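# Inside the fold
Spelled out, the chains give:
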Amino acid sequence: MSDTVLKASLSQEERSAIAEIEATTNILQLVTRLTGTRFAGIAKFTETEWIVCSAYDPIELGINVGDTLDLETTLCSEFRRNPQALFLPQISKDGRLSSRPVVKQYSIESYAGAPVFLPDGRLWGALCALDSRSVLFDNPDMAETLTLFARLIGCIFFSNLTVEGASHIKTGSCLTE
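Here the structure is a predicted model, which means the values were calculated and not measured.

## Re the environment of Leu34
Note that Leu34 resides in helix H2 (residues 22-35). Through-space distance from the C-alpha of Leu34 to that of Met142 is 7.1 Å; in sequence the pair is 108 residues apart.

## Describing the pattern of salt bridges
For the structure shown, the criterion picks out nine salt bridges. Between Arg80 and Glu72 there is a salt bridge, with its nearest N and O atoms 3.7 Å apart. By relative accessible area, which is 36% here, Arg80 ends up partly exposed. The class for Glu72 is partly exposed, based on a relative accessible area of 36%. For Glu78, the salt bridge identified is with Arg96, shortest N-O distance 3.0 Å. Of this pair, Glu78 sits in helix H3 (residues 78-81) while Arg96 sits in helix H4 (residues 95-98); the two residues are 18 residues apart in sequence, bridging distant segments of the chain. Classification of Glu78 by relative accessible area gives buried; the value is 11%. Beyond isolated ion pairs, a larger network of salt bridges with shared partners links Glu47, Glu72, Glu78, Arg80, Arg81, Arg96 and Arg100.

## Overview of the nonpolar core
Judged by nonpolar contacts, the single largest core of 24 residues is most densely connected at Trp50, Leu75, Cys76, Ile91 and Tyr111. One finds Ala114, Met142, Ile153 and Phe157 within the second-largest nonpolar core, a separate group that totals 23 residues.

## Considerations on the side chain of Thr37
Considering the arrangement of structural elements, one finds Thr37 in the loop between H2 and strand E2 (39-45). Look at Thr37 and you get buried, because its relative accessible area is 5%. A polar contact of 3.4 Å, which involves the side chain of Thr37, links it to the backbone oxygen of Phe39. Leaving out residues up to four positions away in the same chain, Thr37 has contacts with Thr32, Ser110, Ala129, Leu130, Asp131, Val135 and Phe137.

The rules behind these values
- Residues numbered from 1 in each chain as written.
- Predicted model: local features only at pLDDT ≥ 70, side-chain atom pairs only at ≥ 80, totals over all residues.
- Heavy atoms only, no water.
- Helix = DSSP H or I, 4+ residues; strand = E, 2+ residues; numbered from the N terminus.
- Salt bridge = Lys/Arg side-chain N within 4 Å of Asp/Glu carboxyl O.
- Buried < 20%, exposed > 50% of the residue type's maximum accessible area, 1.4 Å probe, protein only.
- Core = buried A, V, L, I, M, F, W, Y, C linked by side-chain atoms within 4.5 Å.
- Polar contact = N/O pair within 3.5 Å; in protein donor to acceptor, adjacent residues only side chain to side chain.
- Contact = heavy atoms within 4.5 Å.

So this is what it looks like as structure tokens:
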């Protein structure tokens, strides 16, 4: 494993929220089916780090819960510049993104992702799907569906990490905002 991957310490609240929510694993499995990729994960952002919170990795890429990367080396960092769903079916053809260290480290050829926002509007992290092979993202509803999954993840984490978040879920505002 590269020296750029370090184990992060997620807070106890975050670990509890992740452990309590089987839904995240189910969402990640659905994301791989939707996108045709063989890996899906949820990552939290700090100002400088990308931290894996949940991963569905049947192809054993080696991206594990608690791993961290420098945020700017990841494809997910693009959400800080443009907070829209992003689809890259063949990263090797994109000169700017193909040189990212994470692309080389994990041999990533295709990427689909959506930013995860908390209901209060803060960018919290990303939902991403990736593969070492090229994947054609041809479903016209994929961006909307991936964005809805990311929104659901934001609501789940918000409600489990804050007392205030529970009231958003109960009132339904998390799903209708």
